[in-house]
Structure formats: structure tokens, C-alpha cells
Amino acid sequence: MKSQEKTILFDLDGTLIDSTEAILESFEVALGQFGDVAPDEEAIKAQIGHPLDVMFRTLGVPQERIWAHVDAYKAHYRQISCQKTVLLPYATEAIALAKAHARLGIVTTKTALYSKEMLTYMGVMEHFEVLIGREDVTYPKPHPEPIYKALDAMDASATSAYMIGDTPMDMEAAKAAEVLPVGVSCGYAEETTLRQYTPNVFQNAYEAVKFIVGL
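Computed from a prediction, not measured in an experiment: that's the story for all the values here. (Residues numbered from 1 in each chain as written. Predicted model: local features only at pLDDT ≥ 70, side-chain atom pairs only at ≥ 80, totals over all residues. Heavy atoms only, no water.)

Moving on, we come to the side chain of threonine 109. Tracing the backbone through its elements, the reader meets threonine 109 in the loop between strand E4 (103-107) and helix H6 (112-122). Of note is the side chain of threonine 109, whose polar atom sits 3.0 Å from the backbone oxygen of glycine 49. Residues contacting threonine 109, with those up to four places away along its chain left out, are Gly49, His50, Pro51, Arg134, Pro140 and Lys141. (Helix = DSSP H or I, 4+ residues; strand = E, 2+ residues; numbered from the N terminus. Polar contact = N/O pair within 3.5 Å; in protein donor to acceptor, adjacent residues only side chain to side chain. Contact = heavy atoms within 4.5 Å.)

Rendered as C-alpha cells:
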């Protein structure tokens, strides 16, 4: 029988963490390794939240070279991610408040292995029961599969679950999985964009959690 206790699922980039520096550097290294010129930083930042293969394709890398670029990106990102990623303001408070009222999970398009290493380094991984990353699913967000996988792993009900994220992909995945989408404007999408998907948009994850738990 699935648990009716509240379940809060978090995105990572732009929701709980800021790894922009590590992402931009890893794109520059991966593209440079194959003689490509890195595009404007804003062009890369606009794609954050999408899977890496989609990002490289959107940035103009030919299909036959995309996965080589992804591998080069991952190799560099793993080396620098812990040192060049920080928790966003109020993320620690958000996790603590959420943990006091709900069961917690993470749903990200980042690589799960590296994300777990990074969150362990930051001292917060222990608060989450599950982390679903890109390698855990066939179809990443905005498809609902990552959310389904997280809920199944937790034996949790969608009717008492929430997804906190900063991009339309997070909101679309939540709606498709029939969990309540809650947006945060501290990440990579504008508040006006997020409000096209949900009326529940807050400045950061802490304010989002306060809304969910009724504070």
C-alpha cells in the first residue's frame, strides 16, 4: 500500500544548487577538446535543465559527435563539480523544513552517480531517500518517467506528492505524473514563464516548502 505521507521531490540545478560555473567550464572543455568554439554563456545557461545530449545538439554539435562530447563533459564535470558547486541561499533551510514534514527525493537530469557524490560532499544527501538521474530513465523530464520512478522507489502516492523545480520541464513532468508542480524563480526560468504552468511560484525552495507544509 502506497504511503499517503507528503512526498516532496526536488530538482537540483537552479532549485537547490548552483553549479553554473562547473557546467559552463565543462561545456567549454568538452567543446574545445573537439576543436569547437564554445557559444555565448547565455546560450548554454538557457539550456540548463535539459539532458546533456539535447543541450549539445541544440548548441550545434552534429549528431554523430554528441555522445563523445557528453563523455568529455562528464569526465571534466566529475573532477570539478564538488569544488565549483554551491547550495543556493535557503536550500539548507528548505531541506531541513521539508524533512520535518515529508519524505524527500530528488529528480534531476544530471547524472545520478555524480549528483550523489556532490550532495554527499555537501552533507545533505542523507536527507533524501532516492535520487533519480539521467541514467535511471529512458525518458527524462519533461516526461513523467523520472517522477514515476522516484515515487515507485519510495512506495509513495502521487496524490500526496509535490515537485519543486525551476524550469518548464520540471512543471510539465509534474503535471504529467499528476503531482503538484511548485515553481521557484531562483533558477534558470523567469517567474512569468513558470506561471504558465502553475500558479504556485516562489522565490526559493524554502518558500516553496513553506507553502507545501502550510506555513
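On we go.
Scanning all chains against the criterion turns up six aromatic pairs. Taken together through their ring pairs, the aromatic side chains of Phe27, Phe56, Tyr73 and Tyr77 make up a single cluster. (Phe/Tyr/Trp six-rings, centres within 6.5 Å; stacked < 30°, edge-to-face > 60°.)

Before going further, it helps to spend a moment on the pattern of salt bridges. Scanning all chains against the criterion turns up 12 salt bridges. With a closest N to O distance of 3.0 Å, aspartate 11 and lysine 141 form a salt bridge. Within this pair, whereas aspartate 11 is found in the loop between strand E1 (7-10) and strand E2 (17-18), its partner lysine 141 is found in the loop between strand E5 (130-132) and helix H7 (145-154), the two being separated by 130 residues in sequence. The two residues aspartate 11 and lysine 141 agree in class, both being buried. (Salt bridge = Lys/Arg side-chain N within 4 Å of Asp/Glu carboxyl O. Buried < 20%, exposed > 50% of the residue type's maximum accessible area, 1.4 Å probe, protein only.)

Attention now moves to empty space enclosed by the protein. All chains considered together, the criterion is met by one cavity of 30 Å³ or more. Size it by volume and the largest cavity reaches roughly 230 Å³. Lining the largest cavity we find 19 residues, and of these Asp13, Leu52, Tyr73, Thr109 and Lys110 sit closest to its centre. Going through the elements one at a time, helix H3 (52-58) and helix H4 (66-80) are the ones with two or more residues in the lining of the largest cavity. Take the lining of the largest cavity: its biggest share by element is three residues, from H4. Its residues placed into classes, the lining of the largest cavity shows eight nonpolar, six polar and five charged. (1 Å grid on protein atoms, 1.4 Å probe; cavity = no way out; pocket = protein on both sides within 12 Å on 5 of 7 lines; lining within 4 Å. Points joined across faces, edges and corners; volume = space filled by probe spheres on them. Nonpolar A, V, L, I, M, F, W, Y, C, P; charged D, E, K, R; others polar.)

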